[in-house]
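Architecture and fold: a report
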Amino acid sequence: MSVERAADGGQLIRIDVPVTVRTARVSEMRRLSELWGPAGKASRQRLLRRYFREQADGVQRGLVADFNGNPIGQLWVRLRHIDPSIEAGLRVAYVHTLVVMPEFRRLGVAEGLVRSASALAAARGCTHVSIGVDRPNEAARRLYAKWGFERYYESFDLRGDLVFMRREVFEAAVAAEVR
Ligand SMILES: CC(C)(COP(=O)(O)OP(=O)(O)OC[C@H]1O[C@@H](n2cnc3c(N)ncnc32)[C@H](O)[C@@H]1OP(=O)(O)O)[C@@H](O)C(=O)NCCC(=O)NCCS
């Protein structure tokens, strides 16, 4: 922490708090569903309940960006039972449900989460990471392209209108091990 003179003559207190990536906890299900905002809260909680059951079975893992004990971002990475069209013959980990709280965007939090998911995938023997994006979400598609993801498959069904992008697991992992 440091204290400086602020532009308006007052005191500016700077607090340097790290953001760490860790495994999601069942006890924070409500807060994780709230990261998406108020709309569709009940259906998000239903989905999260299923995701946590699958986490207990080792099918997928929730990763949380933790700021001072509070989840400010999340993603889920499915490691088993992946749709063969998404696998497309490769050892793929499937990343989905990525969201960062608006106040913490454009700081590299999403990139840290995706790199941590990639490290987890590599540790489980996966060679590629795939991510599904709603077709209208052009900003997210541009972002993933910037991180080296390439479009390889598209689907239009009950899950929505999705574009799938993939890349090889990242070489340098930000988090070698996610607790
Ligand atoms: C998409 C989303 C997850 C990105 O989260 P994020 O934490 O802001 O992402 P990052 O900070 O890692 O990268 C985003 C941008 O910040 C920039 N950035 C990264 N670190 C930065 C830094 N230190 N300073 C300034 N900009 C930085 C990146 O270059 C990127 O820039 P761009 O938007 O101009 O291309 C977030 O916007 C979000 O939650 N959106 C709503 C939900 C959503 O669309 N999810 C995706 C579903 S597939």
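Below is a short write-up of the structure. Computed from a predicted model, the values in this text were never measured in an experiment. (Residues numbered from 1 in each chain as written. Predicted model: local features only at pLDDT ≥ 70, side-chain atom pairs only at ≥ 80, totals over all residues.)

**Some points on unusual backbone geometry**
Applied cut-off: Going along the chain from the N terminus, every DSSP run of H or I of four or more residues is numbered as a helix, and every run of E of two or more is numbered as a strand.
Of note in this structure, N68 is not a glycine but carries a positive phi near 55°. By the element assignment, N68 lies in the loop between strand 4 (60-67) and strand 5 (70-78). In this structure, R106 takes a positive phi of about 65° despite not being glycine. Here R106 lies in the loop between strand 6 (92-100) and helix 4 (109-123).

**A word on the environment of V95**
Which entries qualify depends on this criterion: What counts as a contact is two residues whose backbone-derived C-beta atoms lie within 7 Å of each other.
Examined against the element boundaries, V95 turns out to sit in strand 6. Residues V95 and G62 lie 33 residues apart in sequence; the distance between their C-alpha atoms is 9.7 Å. Beyond its immediate chain neighbours, meaning those up to four positions away, V95 contacts L75, V77, V114, A117, V129, S130 and I131.

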